[in-house]
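Each chain, letter by letter, is given below.
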Amino acid sequence: MAVIVLAAGHGTRMQSEVPKVLHQVAGRPMIRHVLDTVETVSPSRIVVVIGPDMEDVESLCRAYTIVVQEERLGTAHAVLEAREALKDFEGNILVIFGDTPLLTADTILLMRQALDEDKKNALVVLGFEPESPKGYGRIRCKQDGTIASIVEEQEASSEDLKITLCNSGAMIFSSEVMFKELGKVGNENVKGEYYLTDLISLAHDRGAKVGLVVGLPDELRGVNSRVDLAGAEAVMQRRLRTRAMVAGVTLIDPTTTWLSMDTIFGRDVTVGPNVFLGKSVEVGDRVEIKSFSHLEGVKLENDVAVGPFARLRPGTVIGSGAKVGNFVEIKAAQIGKATKVSHLTYIGDSNVGNHVNVGAGTITCNYDGFAKHLTEIGDGAFIGSNSALVAPVSVGENAIIGAGSVVTDDVEEDELSVTRAEQKHLKGGAKRWKGRRSTDKF
Ligand code: UD1
Ligand code: CA
């Protein structure tokens, strides 16, 4: 089987500068979803049809044959553009759309099976019954339930508009059909486009059969607008949450957990309500991620506790048994084993050792207005509350920083360093102050 993925449309209805297929679902571009699914059925060829000036799409598809459709003249025209790339190919050709990101491998296999099952089938169409058929081509059926034709919404009669069975856009046919019939498709229709769906009437004309596979509505929704994109996201999130729970993750309130395609979970992980896991998050065993935490590009080793209200940014590794508490932001930092960063702290561009205690309000001043600098904290060190560590700076093993210090010079191991101003004691000072302001109430 060869697969042609159509992705040349810019996607006007997205109202975007970005080509439609690059818009993301669960942190992955739609075209990548489609290609990942296609890869799992191991086709012998994959051809992607893209539009001109789509360098970003092109760079995502480098592993495949890329064909540029200079003018967007319709789905049949787009497939024809791939003909040259497949001229020596014999077998089944599956056409799918880059804007249908939820399609599964099982459905692709069902289509292939349906085509192979009956030698009289010229092609097989993938239909579905969406919640709302609006915008989709409608599948007209004959008395016997087989497909008569597909009519695009713009050309549909009021009778057609009552049809609930819709075209998903995916179609499979033999290379013979591709080479003999595709060139016959015309463009005499409202949009003046070459419709791939016209292959159906061409098949009927020569007495061939057209098969139908009916797929699941959630899987076959096409994404044309941001509203559709949000709908696809919701479906994907349901899938990812289910997958996580089946694999042994407790999601306390699944509907408020946001996951990415590449999220990796260990065993016995618990995720609280309203947690966002962006791209590249890897979670070890027995980790707890409490409510309202936002993680991206992060590795949590075993037995880590995070949140509530933690923000962990790319390049962060939290060592096993470590604790990151509320209102803590960490970026590009290694946090050692059993280290505690419990409250109100920013750690950026840092190496923090094992068994370190970082007090509330500690800030690594990693940026001097020109460049980012490194902060290093050795094993067993204790950073008093409200300290500012002005990078580049290092704090040695088992050192103590007194609360409220502004640390600009390196601190050796086992040292105690304090930079705060000395405390003064004015005997009776409070009384005098109150006396001066006797009309005010304390
Ligand atoms: C298409 C189908 C419609 C179906 C719906 C399912 C046709 C004529 N219409 O309509 O029956 O119900 O999908 O989602 O097939 N593309 C190109 N080159 C082109 C035109 C389109 O590559 O010249 C690509 C687009 O990038 C997109 C796909 O083909 O990935 C479908 O095009 P789109 O304009 O989204 O078609 P729909 O109006 O959604
Ligand atoms: Ca579409």
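Residues numbered from 1 in each chain as written. Chains lettered and ligands numbered in written order. Predicted model: local features only at pLDDT ≥ 70, side-chain atom pairs only at ≥ 80, totals over all residues. Heavy atoms only, no water.

**Points about the overall build of the protein**
For step 1, the next point in the chain: When helices and strands are tallied, the protein shows 8 helices and 34 strands.
For step 2, the next point in the chain: For the protein, the C-alpha radius of gyration of 30 Å lies well beyond 22 Å, the compact-globule estimate for 442 residues.
For step 3, the next point in the chain: Taken along the three principal axes of its C-alpha coordinates, the protein extends 105 × 55 × 40 Å.
For step 4, the next point in the chain: Buried positions account for 49% of the 442 residues belonging to the protein.
For step 5, the next point in the chain: Within the protein, contacts between residues at least 6 apart in sequence are counted, and of these 42% link residues at least 24 apart.
For step 6, the next point in the chain: On the protein, roughly 21,600 Å² of surface is accessible, and the fraction owed to carbon and sulfur atoms is 50%.
For step 7, the next point in the chain: In the protein, which carries 49 positive and 59 negative side-chain charges, the distance between the mean positions of the two groups comes to 8 Å. (Helix = DSSP H or I, 4+ residues; strand = E, 2+ residues; numbered from the N terminus. Rg over C-alpha atoms; globule rule 2.2 N^0.38 Å. Buried < 20%, exposed > 50% of the residue type's maximum accessible area, 1.4 Å probe, protein only. Contact = heavy atoms within 4.5 Å. Areas by Shrake-Rupley, 256 points an atom, 1.4 Å probe, with all protein chains shown as cover. Lys, Arg positive; Asp, Glu negative; His and termini not counted. Charge placed at Lys NZ, Arg CZ, Asp CG, Glu CD.)

**Things to note about the packing of aromatic side chains**
For step 1, the next point in the chain: Overall, the coordinates contain 4 aromatic pairs when judged by the stated rule.
For step 2, the next point in the chain: Here Phe-128 and Tyr-136 contribute two aromatic rings whose centre-to-centre distance is 5.0 Å and whose plane-to-plane angle is 80°, an arrangement assigned as edge-to-face.
For step 3, the next point in the chain: A residue is classified by how much of its surface remains accessible, and Phe-128, at 0% relative accessible area, is buried.
For step 4, the next point in the chain: Ring centres of Trp-258 and Phe-276 lie 4.7 Å apart, and the angle between their planes is 15°; on these two criteria the pair is classed as stacked. A residue pair is termed long-range when its members are at least 10 positions apart, and Trp-258 in strand 13 (residues 257–258) and Phe-276 in strand 16 (residues 275–277) qualify at 18 residues.
For step 5, the next point in the chain: Classification of Phe-276 by relative accessible area gives partly exposed; the value is 25%.
For step 6, the next point in the chain: One residue, Lys-372, lies across the ring of Tyr-367, its end atom 5.3 Å from the ring centre. (Phe/Tyr/Trp six-rings, centres within 6.5 Å; stacked < 30°, edge-to-face > 60°. Lys NZ or Arg CZ within 6 Å of the ring centre and 35° of its normal.)

**Quick word on the pattern of salt bridges**
For step 1, the next point in the chain: Using the criterion set out here, one finds 20 salt bridges in the structure.
For step 2, the next point in the chain: Between Asp-36 and Arg-32 there is a salt bridge, with its nearest N and O atoms 2.9 Å apart. With a gap of 4 residues between them, Asp-36 and Arg-32 both fall in helix 1 (residues 30–40), about one helical turn apart.
For step 3, the next point in the chain: Glu-153 is the salt-bridge partner of Arg-138, the closest N and O atoms lying 2.9 Å from each other. With a gap of 15 residues between them, Arg-138 in strand 8 (residues 138–141) and Glu-153 in the loop between strand 9 (147–151) and strand 10 (166–174) connect regions that are remote in the sequence.
For step 4, the next point in the chain: A relative accessible area of 21% means that Glu-153 is categorised as partly exposed. (Salt bridge = Lys/Arg side-chain N within 4 Å of Asp/Glu carboxyl O.)

**A look at a nonpolar patch on the surface**
For step 1, the next point in the chain: On the surface, Phe-292, Phe-309, Phe-327 and Leu-344 cluster together into a nonpolar patch covering about 410 Å² of accessible area.
For step 2, the next point in the chain: Here Phe-327 is to be found in strand 24 (residues 323–335). (Patch = residues over 30% accessible without salt bridge, like charges linked within 9 Å, V, L, I, M, F, W, Y side chains within 5 Å.)

**Examining the site of ligand 1**
For step 1, the next point in the chain: Of all residues adjacent to ligand 1, which total 22 residues, the nearest are Gln-69, Arg-72, Gly-74, Glu-152 and Asn-167.
For step 2, the next point in the chain: Note that an oxygen atom of ligand 1 is positioned 2.6 Å from one of the backbone N or O atoms of Asn-167.
For step 3, the next point in the chain: Notes on ligand 1: free accessible area 760 Å², of which the protein chains cover 96%.
For step 4, the next point in the chain: Contributing elements (two or more residues each) for the shell around ligand 1: strand 1 (2–7), helix 3 (75–81) and strand 10.
For step 5, the next point in the chain: Here the shell around ligand 1 is composed, by residue class, of 8 nonpolar, 9 polar and 5 charged. (Near = heavy atom within 4 Å. Polar contact = N/O pair within 3.5 Å; in protein donor to acceptor, adjacent residues only side chain to side chain. Nonpolar A, V, L, I, M, F, W, Y, C, P; charged D, E, K, R; others polar.)

**Looking at helix 7 (residues 226–246)**
For step 1, the next point in the chain: If you check helix 7, its first and last C-alpha atoms are 30 Å apart, about what 21 residues at 1.5 Å a residue would give, namely 30 Å.
For step 2, the next point in the chain: Among all positions of helix 7, only Leu-229, Gly-231, Ala-232, Glu-233, Val-235, Met-236, Gln-237, Leu-240, Arg-241 and Ala-244 are buried.
For step 3, the next point in the chain: Here the buried face of helix 7 lies against strand 2 (24–25), helix 1, strand 12 (249–251), strand 13 and strand 14 (264–265).
For step 4, the next point in the chain: Taking the backbone nitrogen of Val-227 as reference, a side-chain oxygen 3.2 Å away marks Ser-225 as the first, capping residue of helix 7.
For step 5, the next point in the chain: In the stretch just after helix 7, Gly-248 is the one whose phi turns positive, near 105°. (Expected span 1.5 Å × (residues − 1).)

**Looking at the coordination of the calcium ion (ligand 2)**
For step 1, the next point in the chain: For the calcium ion (ligand 2), the protein coordination sphere consists of Asp-99 (OD) and Asn-224 (OD1), at 2.3 to 2.4 Å. Separated by 125 residues along the polypeptide, Asp-99 in the loop between strand 6 (92–97) and helix 4 (105–117) and Asn-224 in the loop between strand 11 (209–214) and helix 7 bring together distant segments of the chain. By the burial criterion, Asp-99 is buried, and Asn-224 matches it. (Donors = N, O, S within 2.8 Å, 3.2 Å for Na, K, Ca; no water.)

**Describing empty space enclosed by the protein**
For step 1, the next point in the chain: Overall, the coordinates contain 1 cavity of 30 Å³ or more when judged by the stated rule.
For step 2, the next point in the chain: Each pocket or cavity is described by its volume, and for the largest cavity that value is around 40 Å³.
For step 3, the next point in the chain: Around the largest cavity, the lining residues are Ile-96, Phe-97, Thr-100, Leu-103, Leu-126, Ser-168, Ala-170 and Leu-220.
For step 4, the next point in the chain: The set of elements that each furnish at least two residues to the lining of the largest cavity consists of strand 6 and strand 10. (1 Å grid on protein atoms, 1.4 Å probe; cavity = no way out; pocket = protein on both sides within 12 Å on 5 of 7 lines; lining within 4 Å. Points joined across faces, edges and corners; volume = space filled by probe spheres on them.)

**A few points about a negative patch on the surface**
For step 1, the next point in the chain: The grouping of Glu-376, Asp-379, Glu-397, Asp-409, Asp-410, Glu-412, Glu-413, Asp-414 and Glu-415 at the surface amounts to a negative patch.
For step 2, the next point in the chain: Looking at Glu-376, the relative accessible area reads 38%, which means it is partly exposed.

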